[in-house]
Structure formats: structure tokens, C-alpha cells
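# Notes for the structure review
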Amino acid sequence: MQRKAYVPGVVALLAALLAGCTGGSDEGGSTDNSNPGEAGTASAVAQPGKYDTLPEACGVVSRSTLDSLLPGIKQLADEAQRDTAYAGEATQTFDTDRKVGCRWKVESTDATDHLLVDFERVVSYDNAVSDDNQAEALFAQRVTAADLPAPAASATGAATGSASASPSTSPSTTTSPSAGASASASPSASASSTVTPADLQPRLLEDLGDEAFVDDALGSSGSTAKQRTVTVAFRTSNVMVTIQYEEQPATVGTVPDSEEMQDKARKLAAQLADSLAG
């Protein structure tokens, strides 16, 4: 009799355990379904930027490019001095994964040239803002700080306007072609001497990285030779790159050529953009 009384007790205990396990699994399922929005919140976190490291700034510019930008390197007779000039000097940084730079300074018989290359990797600490969007906002601040002028009207446009205006004047003006020729010649001469060509003005660039601009400033240094500074800055994904190229002639009255300096700086910028993309 005691044996028969024991068996139902065991069965009751097993039934209670099984009921508890079944209830736990049901509760777990209801817990998962009770917060369906949490998974959506996690998927809404902004994506990180394309770049998580930066190149070695002093090694990213080739020697042939440095020869073009810094002609004085080839004039150095001592091989050790040339190697030092090619090596450049790294700028101070506290995190080489976030910001690196390198500068060069070389004197020649004609001028003293300075070159600075700077890389900055942007990281957003706001989960709702991607690294790319944060970099875009910071680059927009740089464009604003550069205070780029509005594009100037081209000389050809001005000439076309004056030419189209002349037929609408009184017919008497057409009876003296010599006077009309002299009148049309004088504006073009004054424009060519006073208006900076539009393709050399500080401006936005459309063929470099995701966005870019070039700035060109001629310093006024009184009795000494004038120094020109050309800056090319561009952004690709979450990395911003700045190139600053300066030249000060050794001869008073000599002005560094804007077109030549811009061309050299933009070629270097294109090389750096390609190296990042590769």
C-alpha cells in the first residue's frame, strides 16, 4: 500500500515540473514579442566610414612629385641632405589613426618652397549620424571659412555682351567702324589687365574626391618678395585631405606663378585621392 501511495506523488511532481518548463518557454516567447522595436532601433545605427586608418603622411608623396614641387632638392649636393629633404618632418599628432601630416621646406637659388600634407579621419560619436555625414558637415565649415569669392564673369561673356549691345544702338554708330573698333578694343585690354581668369580664382572643384576646393592667396610683404600660398582641400568618404603649397621668390618684385602652383598642387591632390581609393 505504501508503494502505491508513492507512485502518484512522483507523477504529480513530474507533472508540476513539466508545467513549469512549459510556462517558462511561453513567457520567454512573450518577452521576445513584447519589445519588437528594439531590433529596429539597433538596425537604425548609422554606418561607419569607409576608412578606419590613415596613410603614413611623409611616405605618401613620391620623390618625383617632391622634385616638381620643391626644385631646391635637386640642387642639394650632399646626398644625406637630399635624403633628409625627401623624408620631410612629421607634424605633431596624438592619434595617428585620426590625424597625420608631414611638412617639407627646401630653399633653392630662385625661391623657398614649403609643402604641407595633412590627413584627418572623421569619426561620428552620434549613432544617428554617419562618419561620412559628419565629415561632410566639417568640410562645409572649411569651405565657409575659406570665404571663396563668387565666380567672376568670363572675358568672352563680357565681349559677347558688348558686341550684342552695339547693333541695338543708333545706326549712326555703325557709320564709323574705326571708332567702333577702338571702342571695342579698349574694354578687352582693361579686362585682361585687371580681371583674374575664372579658372585661377579660388573656387570649388568638381573633379576631385567627393568634394573639393582650391584657394590662392598672394601675401603682401612690403619690400620683400611676395609669397603665394595655394591650398587644395578635398574630402573622400570620412577622410579630409589638405595640401598647402607656398613659395617665396628670392628676388624682390618676383611674383610666383599662380597657374603653375595650382597645377602642381592639384596634381598632388589627385595622386593622394587615387592612393586612398586604391
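Residues numbered from 1 in each chain as written. Predicted model: local features only at pLDDT ≥ 70, side-chain atom pairs only at ≥ 80, totals over all residues. Heavy atoms only, no water.

Once that is clear, we can look at the confidence of the model for the protein. Here the protein averages 78 in pLDDT, and 67% of its residues register 70 or above. Throughout residues 1-7 the model reports pLDDT below 50, and contacts reaching past four residues in sequence, or to other chains, amount to zero contacts. In this model residues 9-41 is a low-confidence stretch, pLDDT under 50, and it forms zero contacts with partners more than four residues away in sequence or in other chains. (pLDDT = per-residue confidence, 0-100. Contact = heavy atoms within 4.5 Å.)

With that settled, consider the environment of Val117. With respect to the helices and strands, the residue Val117 is situated in strand S3 (residues 111-121). With a relative accessible area of 0%, Val117 lands in the buried category. For the pair Val117 and Ile243, spaced 126 residues apart in the sequence, the C-alpha separation amounts to 4.8 Å. Once residues lying within four places of it in the same chain are set aside, the contact partners of Val117 are Val61, Val100, Gly101, Cys102, Trp104, Thr242, Leu268 and Leu272. (Helix = DSSP H or I, 4+ residues; strand = E, 2+ residues; numbered from the N terminus. Buried < 20%, exposed > 50% of the residue type's maximum accessible area, 1.4 Å probe, protein only.)

Applying the stated criterion to the full structure yields one disulfide. Paired by a disulfide, Cys58 and Cys102 hold their sulfur atoms 2.1 Å apart. Handedness here is read from the sign of the S-S torsion; for Cys58 and Cys102, about 100 degrees, the answer is right-handed. One end of the pair, Cys58, is in the loop between helix H2 (37-43) and helix H3 (63-69); the other, Cys102, is in strand S2 (residues 99-107), with 44 residues separating them in the sequence. Residue classification places Cys102 among the buried positions, given a relative accessible area of 0%. (Disulfide = S-S within 2.5 Å.)

This part is about the sheet that holds strand S1 (residues 89-90). Strand order in the open sheet made by the seven strands is S1-S2-S3-S7-S6-S5-S4, with antiparallel pairing throughout. Each end of this open sheet is capped by a strand with a single partner; those strands are S1 and strand S4 (203-205). The pairing of S1 with S2 spans two bridges and is antiparallel. Residue Ala90 lies in a different strand from S2, and its bridge partner there is Cys102. The strands touched by helix H5 (residues 131-146) within the sheet are S3, S4, strand S5 (211-218), strand S6 (228-236) and strand S7 (239-249), with S5 carrying the most contacts at an inclination of about 25 degrees. Of the strands in this sheet, S3, S4, S5, S6 and S7 touch helix H8 (residues 258-277), which is tilted by about 25 degrees from S6. (Pairing = 2+ DSSP bridges. Axes fitted to C-alpha atoms, helices over the stretch in contact; angles between N-to-C directions.)

Moving on, we get to the pairing of S5. In the sheet, S4 pairs with S5 via three bridges, with the strands oriented antiparallel. Its bridge partner lying in S5, Leu205 is registered against Ala212. Turn length for the S4-S5 hairpin, with the two strands adjacent in sequence and antiparallel, is five residues, and the turn residue Gly209 shows positive phi of about 60 degrees. Here eight bridges tie S5 to S6, and the two strands are oriented antiparallel to one another. Across the sheet, Ala217 pairs through a bridge with Thr229, a residue of S6.

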